[in-house]
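Structure at a glance
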Amino acid sequence: MRLLLIEDDELLGGGLCDFLRVDGHAVEWARRLADIEAYRDEPFDAYLLDWQLPDGSGLEWLKARRTSGDVTPVLMLTARDLLDDRLRGLDSGADDYIVKPFAPEEMVARVRAICRRSAGSAGARIRVGDVEVDLVARCAWLGDARIELTSREWSVLEALVLRPGRIVTKAELERLVLGFESELASNAIEVHVSSLRKKLGRELVETVRGMGYRVGVAP
Amino acid sequence: MRQAPSPSIGGRLARSLVLWSVLWCAALGAAVWVIVQEEVDELLDDSLQSAAEGLIGPLALGLTEPVEPSTLARAPKTSGRFTWQLVGHQGRTQLAASARGAPVAPLHDTPKPGFSDVPGWRVYGQATGRDGQMLYVAQTTEERAEAGTRIALAALFAGAPMTLIAVLWLRSRIRSELEPLADLSQRLAHYDPMQPGATLGAAEREELRPVHAAIDALAGRLAQRIAHERAFTSHAAHALRTPLAGIDAQLAVALREAEASHRPRLQRVRTAAQRLQRVVVALLAMFRSGAEVQRSEIDVVALAARLPVEGLEMEARGTTPLSADADLVTAAVLNLIDNAQRHGARSVIFSTPAANVLRVHDDGPGVEPARRRELRAAIDAQDYAGRTGLGLMLADLVARAHGGGLSLPDEASGFAVELNLGPR
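Residues numbered from 1 in each chain as written. Chains lettered and ligands numbered in written order. Predicted model: local features only at pLDDT ≥ 70, side-chain atom pairs only at ≥ 80, totals over all residues.

In this section: the overall build of chain B. In terms of regular secondary structure, chain B is built from eight helices and 13 strands. In chain B, which comprises 424 residues, the share counted as buried stands at 23%. Sequence separation of at least 24 residues holds for 58% of the intrachain contacts in chain B that already meet a minimum separation of 6. (Helix = DSSP H or I, 4+ residues; strand = E, 2+ residues; numbered from the N terminus. Buried ≥ 20, exposed ≤ 12 C-beta atoms within 10 Å, placed from the backbone. Contact = placed C-beta atoms within 7 Å.)

It is worth spelling out the overall build of chain A at this point. Each helix and strand in chain A was counted, giving eight helices and 13 strands. The burial tally for chain A puts 42% of its 219 residues in the buried class. A sequence separation of at least 24 residues applies to 58% of the contacts in chain A between residues at least 6 apart.

What follows is about the nonpolar core. Core analysis: the largest hydrophobic core is formed by 70 residues, its most contacted members being Leu3 and Ala46 of chain A. By residue number, the principal contributor to this core is helix α3 (residues 209–257) of chain B, which donates seven residues. If sequence neighbours within four positions are ignored, Leu3 of chain A has contacts with Leu20, His25, Val27, Phe44, Asp45, Ala46, Leu48 and Val111 of chain A. Judged by nonpolar contacts, the second largest core, of 35 residues, contains Val348, Val360, Ala399 and Leu419 of chain B. (Core = buried A, V, L, I, M, F, W, Y, C linked by C-beta atoms within 7 Å.)

Attention shifts here to the confidence of the model for chain A. Confidence in the prediction of chain A, expressed as mean pLDDT, is 87, and 95% of residues score 70 or more. Across chain A, strand β3 (residues 46–50) of chain A holds the top mean pLDDT of 95, while strand β8 (residues 125–128) of chain A sits lowest at 82. (pLDDT = per-residue confidence, 0-100.)

Let us now look at the pairing of strand β13 (residues 415–420) of chain B. Residues and elements named next belong to chain B. Pairing of strand β11 (residues 357–362) with β13 involves six bridges; the strand directions are antiparallel. Directly across from Val357, in β13, lies its bridge partner Asn420. Across three bridges, the pairing between strand β12 (residues 405–407) and β13 is antiparallel. Within β13, the position partnered with Leu406 by the bridge is Leu419. (Pairing = 2+ DSSP bridges.)

The next thing to look at is unusual backbone geometry. In this structure, the amide linkage connecting Lys100 of chain A to the following residue, Pro101 of chain A, adopts the cis form with an omega of -5°. Looking at where Pro101 of chain A falls in the secondary structure, it is placed in the loop between β7 (96–99) and α5 (104–118). The backbone of Arg138 of chain A shows a phi angle near 55°, a positive value even though the residue is not glycine. Position of Arg138 of chain A among the secondary structure elements: in the loop between β9 (131–134) and β10 (139–142). One non-glycine residue, Asn356 of chain B, lies in the positive phi region at around 60°. Locating Asn356 of chain B in the fold gives a position in the loop between β10 (347–354) and β11.

Turning next to the interface of chain B and chain A. At the junction of the two partners, chain B supplies 18 residues and chain A supplies 18 residues. The element that contributes the greatest number of residues to the side of chain B that touches chain A is α3 of chain B, accounting for 17 residues. Tallied by class, the residues present in the side of chain B that touches chain A amount to eight nonpolar, six polar and four charged. (Nonpolar A, V, L, I, M, F, W, Y, C, P; charged D, E, K, R; others polar.)

We now examine the pairing of strand β5 (residues 121–127) of chain B. The side chains of a regular strand alternate, first on one face of the sheet and then on the other. Residues and elements named next belong to chain B. Taken together, the five bridges between strand β4 (residues 114–118) and β5 define a ladder with antiparallel strand orientation. Each residue of the ladder has a partner; that of Phe115, found in β5, is Tyr124. Connecting β4 to the next strand, β5, in antiparallel fashion are two residues, including Gly120 with a positive phi near 85°. Taken together, the seven bridges between β5 and strand β6 (residues 134–140) define a ladder with antiparallel strand orientation. The residue bridging Tyr124 from the neighbouring strand is Val137, located in β6. In sequence, β5 turns back onto β6 through a hairpin of six residues, with Gly129 there showing a positive phi of about 90°.

What follows is about the sheet that holds β12 of chain B. Residues and elements named next belong to chain B. Taken together, five strands build an open sheet; the order of strands is β8-β10-β11-β13-β12 and the sheet is mixed. The outermost strands of the open sheet, each flanked by one partner alone, are β8 (313–316) and β12. Averaged over all neighbouring strand pairs, the angle between strand axes comes to 20°, with direction disregarded. Relative to β11, helix α6 (residues 326–342) is tilted by about 20°, and along the sheet it contacts β10, β11 and β13. Sheet contacts for helix α8 (residues 390–401): β12 and β13; angle to β12, the most-contacted strand, approximately 135°. (Axes fitted to C-alpha atoms, helices over the stretch in contact; angles between N-to-C directions.)

Residue and element names in this part refer to chain B. With 91% of its residues at a pLDDT of 70 or more, chain B has an overall mean of 83. In this model residues 64–73 is a low-confidence stretch, pLDDT under 50, and it forms 14 contacts with partners more than four residues away in sequence or in other chains. Our summary of model confidence lists the complex with pTM equal to 0.56 and ipTM equal to 0.81.

Residue and element names in this part refer to chain A. Here four strands make up an open sheet; going across it, the order is β8-β9-β10-β11 and the pairing antiparallel. At either end of the open sheet lies a strand with only one pairing partner, and these are β8 and β11 (145–147). Between one strand axis and the next, the sheet turns by 25° as a mean value, whatever way the strands run. Across four bridges, the pairing between β9 and β10 is antiparallel. Following the sheet pairing, Asp134 is matched in β10 by Cys139.

Turning to helix α1 (residues 10–22) of chain A, a few remarks are in order. Residues and elements named next belong to chain A. Relative to the 18 Å expected for 13 residues at 1.5 Å per residue, α1 spans 18 Å between its end C-alpha atoms, a close match to the ideal helical length. When α1 is considered as a whole, its buried residues turn out to be Leu12, Gly13, Gly15, Leu16, Cys17, Phe19 and Leu20. Just downstream of α1, Gly24 is the residue with a positive phi angle, here 100°. (Expected span 1.5 Å × (residues − 1).)

In structure tokens form, the structure reads like this:
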């Protein structure tokens with residue numbers, strides 16, 4: 001998953017970035033609201049949003065994003081634990097709310113859950129034709145056979161599976177999988193898609209000529 | 001301690017009203033009695049005098065010489081309560097009314113004009129103008145007293161129902177006038193100063209207006225204080241929670257990246273950091289207004305084993321599970337054993353001497369009985385500043401948050417604290 005972390009605390013932000021990257025995710029880190037402008041047109045699977053930021057309220061930023069039609073799942077990370085705060089956060093467009101201090105493992109599980117729900121799946125496994133994708137174990141099953149995937153292959157598959165039935169452009173997929181590294185390898189996505197087709201069947205990832213790739217149909 | 005019932009305003013007013021009504025009745029009765037007696041006496045005296053003046057002409061005609069008692073002329077009978085005599089200058093009765101109980105002997109031996117009293121009679125004497133002859137007209141004192149009593153009682157009986165009606169009406173008024181106080185109590189019971197624009201509303205009586213104003217002002221100050229406290233807690237929470245989350249995230253990464261031989265040590269550090277998180281979160285929750293206790297079953301053995309303390313032996317003896325907020329209890333116990341360690345204890349024993357009561361007993365030097373009494377008094381009064389340490393204060397606050405309290409039992413050695421964690 002490609003995640004945008006918006007957190008001003010260096011210790012926490014650095015720790016979460018490292019943890020998420022070690023976990024196989026692409027992470028961009030904005031320390032202030034102003035820094036988010038650099039990612040305005042970038043695709044993300046989820047935002048990890050702190051409430052209190054040095055140059056404004058994360059909650060107000062979220063409201064503005066929702067008003068502008070951004071439906072990217074949002075997990076609020078905040079020290080505010082009062083019931084009123086939690087209600088305000090959720091009612092302002094957050095998909096989930098986690099109170100500091102928290103274990104990063106729990107945070108990642110919550111991110112997976114909100115992304116899964118956003119893709120229309122309640123369970124940890126998403127079925128696409130003959131293939132079953134396990135978002136927790138980070139692997140795929142073809143029938144009864146567990147298919148091992150490389151980290152990049154998994155990232156491509158995950159990005160497509162979390163957008164079922166939607167055409168994902170190559171550029172978007174590159175950003176989702178590689179982040180800003182995508183500029184360094186222009187054919188990386190084709191290589192990983194090809195590899196996925198070899199392992200999971202040609203029908204899994206559909207190429208929409210001139211537009212991009214698609215997995216499954218919309219829920 | 002059971003609080004003695006407070007005196008009732010309505011009861012006190014009613015008692016005062018009844019007392020003053022009785023006193024008023026008694027005073028009124030006495031005044032009526034005295035006035036009536038005087039007026040009746042005066043009236044009866046006037047009657048005696050009028051009767052004497054009416055009798056004197058016909059009775060005195062031709063009777064100038066004294067007569068023997070055996071030949072004493074007797075006039076027609078009177079009621080017995082009224083009599084008259086004609087007494088000659090020698091002091092002998094010449095003519096007297098014939099009445100049962102009327103005296104034959106002269107009422108006065110020597111001429112005595114005007115009003116006078118003899119035993120049993122009120123007498124009016126008037127000279128007939130014939131050689132020292134006197135006419136005495138008399139009425140029994142019993143009759144006069146009876147007349148006075150009848151008139152006084154009639155006045156009292158007429159006044160008593162009015163007094164009773166007045167008492168009942170006043171009692172009803174008292175009850176009705178006290179209703180605004182009951183209404184004020186009801187409003188206070190549902191009064192939440194933290195609600196925006198909260199006010200008690202208009203006072204129903206002029207006398208209650210300052211009370212309403214004072215309560216609204218007090219509530220305003222309270223709301224402001226709570227708002228400040230919440231703001232402070234929010235800032236403090238942010239300042240504490242974020243670094244704690246950062247420490248845990250960094251440790252989580254370190255655990256994943258570290259060599260296998262370093263992982264157990266890192267895991268212990270992370271576990272301790274997570275306990276610290278729980279304690280800090282518990283303390284923040286405890287100091288925030290309106291915090292709720294999250295009860296769960298606590299295994300005291302596991303609790304003792306989890307405490308991140310080095311250099312202190314901890315043992316749980318014959319314990320039963322507690323029902324309490326694990327984070328709050330951990331925070332309290334951590335501070336208690338920290339105290340024990342600082343005072344030289346080397347071991348701590350945890351036990352549960354009663355249902356939902358946790359005893360923490362260390363083998364330190366303990367305190368003198370006088371000091372223990374001082375500590376107990378400070379805890380009972382919740383007056384901690386300068387009288388108890390942070391550990392006892394936190395432990396007491398935690399116990400009270402659970403609906404219980406803290407006690408310091410006498411021990412032959414060491415120092416013991418019992419946290420009563422309220423009903424399960």
